[in-house]
Amino acid sequence: MLSPAPSVLVLLGSFLIATSRGNLSHDRSQPTTQDETVVAGSKVELSCKVEDHDESSLQWSNPAQQTLYFGEKRALRDNRIQLEKSTPNELTISIDNVSLADEGEYTCSIFTMPVRTAKAIVTVLGIPRKPQISGYKEPLKEGQTAKLTCVSSGSKPAAKLQWEKGGKSLLGKDPELAEDSNGKTFTVTSHVEFDVTREDNDMDVTCTVHHPSLLNSPTSTTLKLEVFYVPKASIEPQPTYPREGDNLRLLCDGQGNPAPQEFAWRKEGIDAPLTVTQDNTLLIPSLNKSDSGTYICSATNIMGTSEARYNLAVNDASPVAHGTSTYHAIIGGVVALIVFLLLSLLIILGHYLIRHKGTYLTHEAKGSDDAPDADTAIINAEGGQTGGDDKKEYFI
């Protein structure tokens, strides 16, 4: 059999460990404390309680084992440390404007026989600094790759960085961590790359730092992108559907960055440029057939040139738009259909009347002319001749 000595030693070891943390509920003289987490620059309270003080006073010591308070008596001259409550059963102190140097293990002691102690670990959160974005100095050209870097230092534990573009999440590379010179806080660096388009012009790119010390209020930095791109030319006719004899104005516009510095008009097949007004408008007075053709407007900036075309066809009636011609064609088709239906109805009606002929008998019988006298002729006319042929008249 094994000796009971090892079991006794295990129980004794467990007893001592529990005593050091102040967790023995049956020992009424054992002080109890609680670990605290605090944001740098704020205030923390340390409370030590005991059920049976045994006519002894409680004492708080810092991680350097310097006595802070012994009962209600201040021991360390640090105005940040204040007495909150002192009774035989409780000693509560506070530390204002906590710094990273205040982090560590604090000890509450009661000088009974033997001396009993309890530990309270104070964790100080380092607040990350406002993130800084670098890598963007001048406008980008459409199609180029934006390479941005976001840096935030002073966080403990290390902060998390998040990218957004136009309010939508932007995936960055894996963050880089570096320990600051104080050996307690960290600097976090994040990189992101993406190809820019004209839609990215005036777009906001944001780097946000998330950290428990910010209390659900993350801090961020935003920059606005500027992207240079070739203008997109367009032509606006006034009126929209010009007619022969109208004064036609063709306005040339170009959406680009930077804004187009030069506009030019020309007619296809004609080398000479056309004269335009100061607002890039081509004026064609009193439209006629000779004005028909394709008119081209070009808009130019430092990125390049784009063109827009306007086809003008002046007919005897009017140079109507395609949509108007289609509308007239539909109306003509409907009218033709109605005329066709009316003619068909007349033909069918005439055919019907011809086939349904009316007949009737006259008051004259064929044999009345052969009657010997007038009385007999009248009788023959009224009674008819059963064997004779009837006279027939046709009507339509």
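Described in the following lines is the structure provided in the data block. Just so you know, the residues in each chain are numbered from 1, in the order the chain's sequence is written. With pLDDT at 70 or above as the cut-off, local features in this predicted model cover only qualifying residues; side-chain atom pairs require 80 or more to be listed or tallied, and sums for whole chains, interfaces and linings still use all residues. Hydrogens are left out, water is left out, and the side-chain values use all remaining heavy atoms of the structure.

## Here's the deal with the environment of Leu274
Here comes step 1: With respect to the helices and strands, the residue Leu274 is situated in the loop between β21 (262-267) and β22 (281-284).
Here comes step 2: Among the residues examined, Leu274 registers a relative accessible area of 28% and is labelled partly exposed.
Here comes step 3: Expressed as a C-alpha distance, the spacing of Leu274 and Ile296, which sit 22 residues apart in the sequence, is 10.0 Å.
Here comes step 4: When residues no more than four places from it in sequence are discounted, the contact partners of Leu274 are Trp265, Arg266, Lys267, Leu282 and Tyr295. Helix and strand definitions follow DSSP, with helices as H or I runs of at least four residues and strands as E runs of at least two, each counted in order from the N terminus. Relative accessibility decides the category of a residue: with a 1.4 Å probe and only protein chains considered, values under 20% of the type maximum give buried, values over 50% give exposed, and everything between is partly exposed. Contacts: residue pairs with any heavy atoms within 4.5 Å of one another.

## Section: the pairing of strand β6 (residues 81-87)
Here comes step 1: What makes two strands pair is DSSP finding at least two bridges between them. Where β6 meets strand β7 (residues 90-95), six bridges bridge the pair, whose relative direction is antiparallel. Looking at the pairing, Leu83 lines up with Ile93 of β7.

## Some words on the packing of aromatic side chains
Here comes step 1: Only rings of Phe, Tyr and Trp enter the pairing, Trp through its six-membered ring, and a pair is recorded when the two centres are within 6.5 Å. The plane angle decides the type: under 30 degrees is stacked, over 60 is edge-to-face, the rest tilted. Under the definition given, this model contains one aromatic pair.
Here comes step 2: Taking the centre distance of 6.0 Å and the plane angle of 55 degrees together, the rings of Phe70 and Phe111 count as tilted. Of this pair, Phe70 sits in strand β4 (residues 67-70) while Phe111 sits in the loop between β8 (104-110) and β9 (116-125), placing them 41 residues apart in sequence.
Here comes step 3: Residue classification places Phe70 among the partly exposed positions, given a relative accessible area of 35%.

## Overview of the sheet that holds strand β10 (residues 132-134)
Here comes step 1: With antiparallel pairing, the four strands of this open sheet are ordered in space as β10-β12-β16-β15. Both edges of this open sheet fall to β10 and β15 (176-179), since each of them pairs with a single strand only. Pairwise comparison of adjacent strand axes, ignoring direction, gives a mean angle of 20 degrees for this sheet.
Here comes step 2: Of the strand pairs in this sheet, β10 and strand β12 (residues 145-155) are connected by three bridges, and their pairing is antiparallel. Bridge pairing in β12 places Gln132 opposite Val151. Here an angle of 0 to 180 degrees is reported between the N-to-C directions of two axes, which are lines fitted to C-alpha atoms, with helices fitted over the stretch in contact.

## Considering the state of the cysteines
Here comes step 1: Here, the term disulfide refers to a pair of cysteine sulfur atoms separated by no more than 2.5 Å. Scanning all chains against the criterion turns up three disulfides.
Here comes step 2: The disulfide partner of Cys48 is Cys108, and the S-S distance across this bridge is 1.8 Å. For the disulfide bridge between Cys48 and Cys108, the dihedral angle about the S-S bond is near -80 degrees, and by the sign convention the bridge is left-handed. Here Cys48 is found in strand β2 (residues 44-49), whereas its partner Cys108 is found in strand β8, with 60 residues between them in sequence.
Here comes step 3: Linked covalently through their sulfurs, Cys252 and Cys297 form a disulfide whose S-S length is 1.5 Å. Residues Cys252 and Cys297 are joined by a disulfide whose S-S torsion is about -60 degrees; by sign, that bridge is left-handed. One end of the pair, Cys252, is in strand β20 (residues 248-257); the other, Cys297, is in strand β23 (residues 293-301), with 45 residues separating them in the sequence. Both residues of the pair, Cys252 and Cys297, belong to the buried class.

## What to know about the sheet that holds β23
Here comes step 1: If you trace the three strands from one edge of the open sheet to the other, you get β21-β23-β24, paired in antiparallel fashion. For this open sheet the edge positions go to β21 and β24 (304-312), each flanked by a neighbour on one side alone. The sheet shows a mean angle of 20 degrees between the axes of neighbouring strands, direction not considered.
Here comes step 2: Across nine bridges, the pairing between β23 and β24 is antiparallel. Opposite Ser298, over in β24, you have Glu307 as the bridge partner.

## Brief notes about the nonpolar core
Here comes step 1: Residues belong to a common nonpolar core when they are buried Ala, Val, Leu, Ile, Met, Phe, Trp, Tyr or Cys residues joined through side-chain atoms within 4.5 Å. Counting 21 residues, the largest nonpolar core has Leu46, Leu58, Trp60, Ile93, Ile95 and Tyr106 as its most contacted members.
Here comes step 2: Among the secondary structure elements, those contributing two or more residues to this core are β2, β3 (58-61), β4, β7, β8 and β9.
Here comes step 3: One finds Ala159, Val192, Val196 and Val227 within the second-largest nonpolar core, a separate group that totals 20 residues.

## Quick notes on the pattern of salt bridges
Here comes step 1: Only one rule defines a salt bridge in this text: a Lys or Arg side-chain nitrogen within 4 Å of an Asp or Glu carboxyl oxygen. Applying the stated criterion across every chain yields a total of 14 salt bridges.
Here comes step 2: A salt bridge links Arg28 to Glu51, with the shortest nitrogen-to-oxygen separation between them at 3.4 Å. A residue pair is termed long-range when its members are at least 10 positions apart, and Arg28 in the loop between α1 (5-21) and β1 (36-39) and Glu51 in the loop between β2 and β3 qualify at 23 residues.
Here comes step 3: For Arg28, a relative accessible area of 45% gives the class partly exposed.
Here comes step 4: Residues joined by salt bridges that share partners form a network here, namely Asp78, Arg80 and Asp102.

## What to know about a nonpolar patch on the surface
Here comes step 1: Like charges within 9 Å and nonpolar side chains (Val, Leu, Ile, Met, Phe, Trp, Tyr) within 5 Å are joined into patches, using only residues over 30% in relative accessible area that form no salt bridge. Here the Shrake-Rupley method, with its probe set to 1.4 Å, supplies the accessible areas, and only the displayed protein chains count as covering residues. A cluster of nonpolar residues, Ile331, Val335, Val339, Leu343 and Leu346, forms a patch on the protein surface that exposes about 450 Å² of accessible area.
Here comes step 2: Residue position: Val339 is located in helix α2 (residues 322-355).
Here comes step 3: We classify Val339 as partly exposed; its relative accessible area is 43%.

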